[in-house]
Amino acid sequence: MNKILITGGAGFIGSHVVREMVTKYPDTQIINIDALTYAGNLENLKDIENFNNYQFIKADITDAKQILDIFHEHKPDGVIHLAAESHVDRSITNPLDFVMTNVIGTVNLLNAAKEIWKDNYQGKRFHHVSTDEVYGTLGEEGFFTEETSYDPHSPYSASKASSDHFVRAYHDTYGLPIVITNCSNNYGPNHFPEKLIPLCIHNVLNNKPLPIYGNGKYTRDWLFVIDHAKAIDLVFHEGKNGSSYNVGGFNEWQNIDLVRELCKQMDEKLGNPVGTAEQLITYVTDRPGHDLRYAIDATKINRELGWKPSVTFEEGLSLTIDWFLNNSEWLNNVTSGDYQQYYQKQYK
Ligand code: NAD
Ligand code: TYD
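The present account deals with the structure reproduced in this document. (Residues numbered from 1 in each chain as written. Chains lettered and ligands numbered in written order. Predicted model: local features only at pLDDT ≥ 70, side-chain atom pairs only at ≥ 80, totals over all residues. Heavy atoms only, no water.)

Describing the pairing of strand E9 (residues 219-224)
Along a regular strand, successive side chains alternate from one face of the sheet to the other.
Turning to step 1, where the next piece is worked out: Most of E9 is tucked away, with 6 of its 6 residues classed as buried.
Turning to step 2, where the next piece is worked out: Neither face of E9 is exposed, since Thr219, Asp221 and Leu223 on one face and Arg220, Trp222 and Phe224 on the opposite face are all buried.
Turning to step 3, where the next piece is worked out: Examined bridge by bridge, strand E7 (residues 185-187) and E9 share 3 bridges and lie parallel to one another. By the bridge assignment for E9, Tyr187 is matched with Phe224.
Turning to step 4, where the next piece is worked out: Summarising the sheet, E9 and strand E11 (residues 252-254) pair through 3 bridges and their orientation is antiparallel. For Thr219, the partnering residue across the bridge sits in E11 and is Gln254. (Buried < 20%, exposed > 50% of the residue type's maximum accessible area, 1.4 Å probe, protein only. Helix = DSSP H or I, 4+ residues; strand = E, 2+ residues; numbered from the N terminus. Pairing = 2+ DSSP bridges.)

Here is the structure:
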């Protein structure tokens, strides 16, 4: 493909996808469109911002006209759509923001792609990046497969499920060439510190409580963000038209065990006595509608495309903590201003 438009490229996962594409495909033009909300940060892309095949456009996917104009002007052959409101706790406070960006924004992009590609779908592709949270919750056993029925519980997962349905509907109704990936929880460099892992790293560094919702026995399947970016590249280029692929780390952790592992690694790295960080663990009021367990069966993407995670969780977590320790300016920048208000309200 000559030109790929990536949405949400200034965010956590999007910035890793942009870097992967810009550096791996020097002959392909990569256009990053992002509204730069609280979660979008061009600092994430400093190392590649001057590459010849990279361009940034500030744009809001909820603005149908602006999006259509960009598509008409740049005529991308492919779209990788990551822009979203992404935090479950914020979706509980402001569900409408999630409907606007995740549902309406996605439909605006589908309409724009359909409009400029309608005469010839050959060589075109719309890749929608979604989450395992659309499947709802698992009990103690079993895994989400691509055939698992959708059963979202939070406003975030409901909005992502809705967007997935629209993407499939545009394939089935208009023949739009699409692929969808449903990935488990990501972690890694540039992760915004409202999410569990970077929040705990930030709080250990600042000697603040590590808030564990409910009894801490909730389970997530964690994947290093660069492995997710590589899976997106693979599915975008080689995935079967109309298909969806689950992406996950075969790496389940109960929240409390994960935070203990994080504390252990941080004590070692900071040269503190064993058990120092763990003393900060504090159980707090549970999240409403909290899903008990997510676990991805990533057999299909492995069998069809040969993808598998490249790092163990212990390695990935160590790389992540090192990144935060070496990028204190990044962390200070994103946690000044609005973040403080969010934090006070969420953890008062
Ligand atoms: P993020 O919140 O870090 O980044 C989202 C990006 O989208 C930001 O750069 C933000 O500025 C941009 N954005 C938000 N609203 C916009 C709008 N109206 N117009 C244009 N840009 C807008 O999110 P993330 O964690 O990087 O997630 C990226 C995608 O991956 C999302 O679609 C999310 O649902 C999905 N996903 C995330 C995870 C995870 O663990 N974080 C797991 C699976 C799937
Ligand atoms: P999070 O990082 O918000 O991702 P998601 O809700 O998309 O899975 O949360 C991961 C898990 O950690 C989830 O079970 C909620 C829990 N959690 C806490 O216990 N304390 C916190 O302060 C946060 C942000 C999350």
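Having seen it, we continue.
Observations concerning the packing of helix H6 (residues 196-205) against helix H8 (residues 255-270)
Turning to step 1, where the next piece is worked out: Between H6 and H8, whose axes approach to 11 Å, the crossing angle comes to 40 degrees. Between H6 and H8, the angle is such that the two are oblique. Here H6 and H8 pass one another in a crossing that is right-handed. Each of Leu196, Ile197, Cys200, Ile201, Val204 and Leu205 in H6 lies in contact with H8, whose residues at this interface are Asn255, Leu258, Val259, Leu262, Met266 and Leu270.
Turning to step 2, where the next piece is worked out: For the contact of H6 with H8, the per-class residue count stands at 11 nonpolar, 1 polar and no charged. (Axes fitted to C-alpha atoms, helices over the stretch in contact; angles between N-to-C directions. Parallel < 35°, antiparallel > 145°, perpendicular 65-115°, else oblique. Left-handed = near helix turned anticlockwise from the far one by under 90°. Contact = heavy atoms within 4.5 Å. Nonpolar A, V, L, I, M, F, W, Y, C, P; charged D, E, K, R; others polar.)

Focus on the pattern of salt bridges
Turning to step 1, where the next piece is worked out: According to the stated counting rule, one finds 13 salt bridges in the structure shown.
Turning to step 2, where the next piece is worked out: As a salt-bridge pair, Lys24 and Asp233 come within 2.6 Å of each other at their nearest N and O atoms. A residue pair is termed long-range when its members are at least 10 positions apart, and Lys24 in helix H1 (residues 12-24) and Asp233 in helix H7 (residues 225-238) qualify at 209 residues.
Turning to step 3, where the next piece is worked out: Among the residues examined, Asp233 registers a relative accessible area of 4% and is labelled buried.
Turning to step 4, where the next piece is worked out: Note that Asp69 is salt-bridged to Lys65, the shortest N-O span being 2.7 Å. Taken together, the residues Asp69 and Lys65, both in helix H2 (residues 64-74) and 4 residues apart, mark about one turn of the helix. (Salt bridge = Lys/Arg side-chain N within 4 Å of Asp/Glu carboxyl O.)

Some remarks on empty space enclosed by the protein
Turning to step 1, where the next piece is worked out: For the structure shown, the criterion picks out 1 cavity of 30 Å³ or more.
Turning to step 2, where the next piece is worked out: Its boundaries defined by the atoms lining it, the largest cavity holds a volume of some 40 Å³.
Turning to step 3, where the next piece is worked out: Lining the largest cavity, in full, are Val88, Glu133, Ser154, Arg220, Arg287, Gly289, His290, Asp291 and Tyr294.
Turning to step 4, where the next piece is worked out: Of the residues in the lining of the largest cavity, the class split is 2 nonpolar, 3 polar and 4 charged. (1 Å grid on protein atoms, 1.4 Å probe; cavity = no way out; pocket = protein on both sides within 12 Å on 5 of 7 lines; lining within 4 Å. Points joined across faces, edges and corners; volume = space filled by probe spheres on them.)

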